[in-house]
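One letter stands for each residue in the lines below.
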Amino acid sequence: LAISVCYAKAVWSRIPFATCNLITAMTAVKANCGVTIVAYVMVFLGFVWSLVWVVALIGVAETLKVCDETTGKCGYQIDSSAYYGYLFLLLVSFFFTHQVIQNSVHVSVAGVIGSWWFSPEQNCCCGGSVFGSFFRAMTSSFGSICFGSLLVALIQATRQLANTARQEGADCAALICIAECILGCIESIVEYFNKWAYIYVGVYGYSYIQAGKNVMTLFKAR
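Residues numbered from 1 in each chain as written. Predicted model: local features only at pLDDT ≥ 70, side-chain atom pairs only at ≥ 80, totals over all residues. Heavy atoms only, no water.

1. Focus on the side chain of N103
The cut-off we apply is this: Strands here are runs of E lasting at least two residues and helices are runs of H or I lasting at least four, both read from the DSSP assignment and numbered beginning at the N terminus. We call two residues in contact when some of their heavy atoms are within 4.5 Å.
Examined against the element boundaries, N103 turns out to sit in helix 4 (residues 81-118). In this structure N103 touches I145, S149 and Y198, once residues within four positions along its chain are discounted.

Written out as structure tokens, the structure reads:
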């Protein structure tokens with residue numbers, strides 16, 4: 001409670017500025033409400049991908065099942081290198097696809113807001129601003145989306161793999177816990193960085209590397 005009170009006191013003077021930003025953002029989205037349709041479609045794709053991934057996970061798990069001919073009992077080789085190798089690849093594919101879907105929406109919305117600001121005549125529920133931003137996100141900016149998403153997916157997969165090894169009682173559990181904590185911090189930093197980078201990608205059409213340089217310049221200046 002004390003921390004919350006101190007935080008509220010520290011940011012109280014910034015509330016009017018945040019309010020103006022929120023009103024501006026809602027005005028832009030209302031003027032181009034078709035972007036919400038894009039968001040819901042991508043959420044549906046994420047749900048379908050999750051189902052496909054679960055089926056693939058079950059199939060891979062079946063290939064790792066070993067049965068004892070004498071007792072007839074079957075079990076999984078969870079301590080084998082193949083198990084962790086397959087699990088890592090599956091986790092990368094799962095997180096990567098969801099990151100691509102999420103970031104595609106982020107880039108599309110950034111492009112719509114940029115068009116709303118620079119070209120207000122394109123504002124419409126499902127006008128050129130919405131379709132143009134989504135088309136750019138799926139074509140010229142798609143490589144940048146995939147590149148940034150892969151960086152986060154690799155960190156997320158490694159962190160989840162460490163968590164799985166720790167829960168299964170692997171050796172050096174304390175070191176694994178520390179590594180998991182460090183990976184979590186790195187993941188938060190990269191995700192925060194990506195939020196800014198993808199705004200540059202969506203608004204100006206920069207590549208991911210160029211957008212990253214602009215973000216670092218922004219951070220240095222502010």
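2. A word on the packing of aromatic side chains
Here is the rule we go by: Pairs were defined over the aromatic rings of Phe, Tyr and Trp, the Trp ring being its six-membered one, requiring ring centres within 6.5 Å. Orientation was assigned from the angle between planes: stacked under 30 degrees, edge-to-face over 60, tilted for the rest.
Applying the stated criterion across every chain yields a total of 11 aromatic pairs. Every member of this aromatic cluster is reached through a ring pair, and the members are W53, F94 and F95.

3. A closer look at a nonpolar patch on the surface
As a reminder, the rule being used: Without a salt bridge and with relative accessible area above 30%, a residue can belong to a patch; like charges are then joined within 9 Å and nonpolar side chains (Val, Leu, Ile, Met, Phe, Trp, Tyr) within 5 Å. Working definition of accessibility: Shrake-Rupley area with a 1.4 Å probe, residue cover restricted to the visible protein chains. Salt bridge, as applied in this entry: a Lys or Arg side-chain nitrogen positioned within 4 Å of an Asp or Glu carboxyl oxygen.
On the surface, a cluster of nonpolar side chains totalling about 730 Å² of accessible area is made up of I37, V41, F44, L45, F47, V48, L51 and V52. With respect to the secondary-structure elements, V52 resides in helix 3 (residues 34-63).

4. Overview of the pattern of salt bridges
Convention followed: Each residue is placed in one exposure class: buried if its accessible area under a 1.4 Å probe, protein chains only, is under 20% of its type's maximum, exposed if it is over 50%, and partly exposed if it falls in between.
Considering all chains together, one arrives at 2 salt bridges under this definition. One salt bridge connects E187 with R159, and the closest N-O pair in it is separated by 3.0 Å. Of the two residues, E187 sits in helix 7 (residues 173-204) while R159 sits in helix 6 (residues 142-167), which places them 28 residues apart along the sequence. By relative accessible area, which is 32% here, R159 ends up partly exposed. A salt bridge links R166 to E180; the shortest N-O distance between them is 3.0 Å. Here E180 lies in helix 7 and R166 lies in helix 6, a separation of 14 residues in the sequence. Note on R166: relative accessible area 31%, which makes it partly exposed.

5. As for the nonpolar core
In globular proteins that are soluble, nonpolar side chains generally tend to be buried together. Put simply, the test is: Residues grouped as a nonpolar core are buried Ala, Val, Leu, Ile, Met, Phe, Trp, Tyr and Cys residues, joined through side-chain atoms within 4.5 Å.
Core analysis: the largest hydrophobic core is formed by 13 residues, its most contacted members being V107, I145, A197 and Y198. The element best represented in this core is helix 7, accounting for 5 residues. Among residues more than four places away in sequence, those in contact with Y198 are N103, H106, V107, A110, S144, I145, G148, S149 and Y208. Listed in part, the 11 residues of the second largest apolar core include W53, L87, A153 and A157.

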